[in-house]
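Spelled out, the chains give:
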Amino acid sequence: QVQLVESGGGLVQPGGSLRLSCAASGGTFSGYGMGWFRQAPGKEREFVAGIRRSALSTYYADSVKGRFTISRDNVKNTVYLQMNSLKFEDTAVYYCAAGPQIYYRNVGEAETYDYWGQGTQVTVSS
C-alpha cells in the first residue's frame, strides 16, 4: 500500500510560480510511474503530467506544456511539479498518483493509477 501526500499549493498571482511535492511511503517508489492530475470546481479531473519509473520519459497535457515540469527523486521518494507562468485557468486541486506501469498511451488515464493523494489547492488570482 502506497501513501501519497502532496504539499506546496497556495495562492499565487498570474505569471508566478509554485512547486508541488508529493512524498510517497509504504511501497517501492522507484517501481511506480507517477502522475499529476487536477480538478477545478465544476470540472472533471484532468491529466497534467506524468513521469515513468526511470524518469527517462515525461508527458504533459498540451495546456501546460512548456510551463510545467515534472521530475522525481527516487532517493527521496518524491515527485515534483514545477509550475511556471501560472494562469487563472490553472486554479484547481492538484493530485499526485502512482501506477505500476505508465507509458504514452495510458499516462493520461486515471485508471492507470492505483494510488492517489488527498490533493493540494492551487489558486491563481490577482
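As a starting point, this report considers the structure included with it. (Residues numbered from 1 in each chain as written. Predicted model: local features only at pLDDT ≥ 70, side-chain atom pairs only at ≥ 80, totals over all residues. Heavy atoms only, no water.)

**Focus: the pairing of strand 4 (residues 33-39)**
And then number 1: Burial within strand 4 is extensive, with 6 of its 7 residues counted as buried.
And then number 2: Bridge analysis of strand 4 against strand 9 (residues 92-99) gives 7 bridges, and the strand direction is antiparallel. Counterpart to glycine 33 in the pairing with strand 9 is glycine 99.
And then number 3: Both strand 4 and strand 5 (residues 46-51) contribute to a ladder of 5 bridges, which runs antiparallel. (Buried < 20%, exposed > 50% of the residue type's maximum accessible area, 1.4 Å probe, protein only. Helix = DSSP H or I, 4+ residues; strand = E, 2+ residues; numbered from the N terminus. Pairing = 2+ DSSP bridges.)

**With respect to the pattern of salt bridges**
And then number 1: Tallying each qualifying case throughout the model produces 4 salt bridges.
And then number 2: A salt bridge links glutamate 46 to arginine 38, with the nearest nitrogen and oxygen atoms 2.6 Å apart.
And then number 3: With relative accessibility at 35%, the residue glutamate 46 sits in the partly exposed group.
And then number 4: Measuring nitrogen to oxygen at the nearest pair gives 2.7 Å for the salt bridge that ties arginine 67 to aspartate 90. Residue arginine 67 is found in the loop between strand 6 (58-60) and strand 7 (68-73), and its partner aspartate 90 is found in the loop between strand 8 (78-83) and strand 9; the two are separated by 23 residues along the sequence.
And then number 5: Note on aspartate 90: relative accessible area 0%, which makes it buried.
And then number 6: Beyond isolated ion pairs, a larger network of salt bridges with shared partners links Arg38, Glu46, Arg67 and Asp90. (Salt bridge = Lys/Arg side-chain N within 4 Å of Asp/Glu carboxyl O.)

**Looking at the environment of glycine 27**
And then number 1: Structurally, the position occupied by glycine 27 is in the loop between strand 3 (18-25) and strand 4.
And then number 2: Residue class for glycine 27 comes out partly exposed when judged on its relative accessible area of 39%.
And then number 3: Along the sequence, glycine 27 and valine 2 sit 25 residues apart, while their C-alpha atoms lie 5.1 Å from each other.
And then number 4: For glycine 27, the residues in contact, after removing those within four places along its chain, are Gln1 and Val2. (Contact = heavy atoms within 4.5 Å.)

**Looking at unusual backbone geometry**
And then number 1: The backbone of alanine 55 sits at a positive phi, close to 70 degrees, despite the residue not being glycine.
And then number 2: The topology assignment puts alanine 55 in the loop between strand 5 and strand 6.

**Some points on the sheet that holds strand 1 (residues 3-7)**
And then number 1: Strand order in the open sheet formed by 4 strands is 1-3-8-7, and the pairing between neighbours is antiparallel. Because the sheet does not close on itself, it has two edges, and the strands there are strand 1 and strand 7. Each neighbouring strand pair of the sheet contributes to a mean axis angle of 15 degrees, computed without reference to strand direction.
And then number 2: Note that strand 3 and strand 8 share 6 bridges and pair antiparallel. Counterpart to leucine 18 in the pairing with strand 8 is methionine 83. (Axes fitted to C-alpha atoms, helices over the stretch in contact; angles between N-to-C directions.)

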